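Breakdown of the fold
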Amino acid sequence: MSVKSENLLFANLCATCVILALLATALNTALPAIGLGLGVDDATVQWLVSGYALALAVFMPATGYLATRFPSRPLYLAAVALFCLCCAACALSSNFPLIMLARIGQAATNALVSNLTQVSIMRMFPKEQRGVRMGWFGLSVGFAPVVAPALGGLIVDTLGWRALFALVGCAALLCLLAAFLLMKNTFALNPKKMDVPSFGLSIFVFGGLAIGLGQLPSKGLLDPASIIAILLGLAASFAFVPRQLRAQDPFLNLRLLKRESFARAVLGSSALYALMMGGAAVLPLYLQGDLGCSASVAGLAVLPAALLMALVSPVAGKIFDVCGMPLVAFASMLLLLVGNLLMCVPGLNESVFWAAFCASLRYAGIGFAQMPLVTWGNNSVCDKDMPQATAMLTTSRNVFVALGVAVFVGVLNSAGLEFAFASMAALSSVLLVACKKENS
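So, a few notes on the structure that sits alongside this text.

Each value, and the rule that gives it
Residues numbered from 1 in each chain as written. Predicted model: local features only at pLDDT ≥ 70, side-chain atom pairs only at ≥ 80, totals over all residues. Heavy atoms only, no water. Helix = DSSP H or I, 4+ residues; strand = E, 2+ residues; numbered from the N terminus. Rg over C-alpha atoms; globule rule 2.2 N^0.38 Å. Buried < 20%, exposed > 50% of the residue type's maximum accessible area, 1.4 Å probe, protein only. Contact = heavy atoms within 4.5 Å. Areas by Shrake-Rupley, 256 points an atom, 1.4 Å probe, with all protein chains shown as cover. Lys, Arg positive; Asp, Glu negative; His and termini not counted. Charge placed at Lys NZ, Arg CZ, Asp CG, Glu CD. Core = buried A, V, L, I, M, F, W, Y, C linked by side-chain atoms within 4.5 Å. 1 Å grid on protein atoms, 1.4 Å probe; cavity = no way out; pocket = protein on both sides within 12 Å on 5 of 7 lines; lining within 4 Å. Points joined across faces, edges and corners; volume = space filled by probe spheres on them. Nonpolar A, V, L, I, M, F, W, Y, C, P; charged D, E, K, R; others polar. Patch = residues over 30% accessible without salt bridge, like charges linked within 9 Å, V, L, I, M, F, W, Y side chains within 5 Å. Salt bridge = Lys/Arg side-chain N within 4 Å of Asp/Glu carboxyl O.

Looking now at the overall build of the protein. A count of helices and strands for the protein gives 16 helices and zero strands. Taking 2.2 N^0.38 as the reference for a compact globule, 440 residues should give roughly 22 Å; the C-alpha atoms of the protein span a radius of gyration of 21 Å, in line with that estimate. The principal-axis extent of the C-alpha atoms belonging to the protein is close to 60 × 60 × 45 Å. Within the protein, the fraction of its 440 residues that count as buried is 53%. If you take every contact in the protein between residues at least 6 apart in sequence, the share linking residues at least 24 apart comes to 82%. Here the protein has roughly 18300 Å² of accessible surface; of this, 72% comes from carbon and sulfur atoms. On the protein, the mean spot of the 25 positive side-chain charges and the mean spot of the 16 negative ones are 12 Å from each other.

Buried together is how nonpolar side chains tend to be arranged in soluble globular proteins. Counting 86 residues, the largest nonpolar core has Ile34, Leu48, Tyr76, Ile99, Leu164 and Phe165 as its most contacted members. In contact with leucine 48, not counting residues within four places along its chain, are Leu27, Leu31, Ile34, Phe96, Ile99, Met100 and Arg103. In this structure, Ile366, Trp376, Val409 and Met424 belong to the second largest nonpolar core, which totals 43 residues.

Turning next to the layout of surface pockets. Here the second largest pocket defines a volume of roughly 330 Å³. Along its surface, the second largest pocket is lined by 15 residues, and Phe206, Leu254, Leu257, Ser396 and Phe400 are the ones closest to its centre. Mapped onto the lining of the second largest pocket, the elements with two or more residues apiece are helix H9 (196-219), helix H10 (224-246) and helix H15 (386-415). No other element matches the five residues that H15 contributes to the lining of the second largest pocket. Residues of the lining of the second largest pocket, tallied by class, amount to twelve nonpolar, three polar and no charged.

On the surface, Leu221, Leu222, Ile227, Leu231, Leu234 and Phe238 cluster together into a nonpolar patch covering about 680 Å² of accessible area. Along the chain, leucine 234 turns up in helix H10. Its relative accessible area of 40% is what places leucine 234 among the partly exposed residues.

Shown next, in the form of structure tokens:
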């Protein structure tokens, strides 16, 4: 493949992921209109978001198997085509079950396209270029959630909620046509059989943990349904984990965690997402609850931080290519530590501007290590294991996102803002010590 073709394919892969990611956050602004249009209440229509997140957690572990079982080009084209069909189904839905089913399809295709895209980028470029390429990928997918709510609100207000799905579907269709011309088969195939029992167990493990942990912040630590879901997930893991470790060709290759660099990457990436989403849940609750800010002000307070997180990604990728992971990780965790500790200062944290400044430090730290950790982890495994490594990294992040939100919102509700951010600083400091040890 020529350099021009590689660059065109890279741009198309990034654009496709941006379009698929738009609906993940843009839909939040459309939920009231969808509920009104389909005649369902707020609790029911909310499942278009929470059900999507649950389906994403359930389907992500299977992407490692699919990416090595089927040729990457037809698999990628089929996934994007299915996403377009699901968008059309959403736009034309006359009842809630149909749009909910289409949203589950969108989650499944998004999980698969995300895996195929990241592994394709890693395979297309040599190790010395992967950091900056993944950095630009991080900028593109990180920018989408920032602009999506405002863009979604504008479309819904002017054209209606059905137009949101229609426009996203049309954009995805254009990317599909470009991919038809540019996409190549890049993965070595492994024609293994689907381990159906492992897939079934993974649904209970990751689905149970996602549902249980996801409901704790709103329903409380003693909610029976949440506790049962978490216990079910943990119980299923006692059968799932040994099965993967014993299998010659496992459904989810947990043996990759025996490699120190990959295990560190999984741990660091998971902790990073727990800090990011935990802080993203805590700060708006504090701004709206304790400081009495409107939802718009609370959203604007973190907007510069989210933009900064996306913009530092290519810079961090370049530094990673030149200097390696230890320096990037050290700088990231230092920014996180300082940003979290500054939010613990009484009096100052009562200012919206101070909260926005601290959020910018925190998000810059997150953006600095987000994509380098993924690149570092994938670099530590052989090419044939990259789809499995990517699936494991993303699956672990999904679980820790739910855990981080549950823990930090729980600390906020029981002990206050200072303790919530102090606990985030503690987690940051542990990772900072680990980075220093790596440097020595």
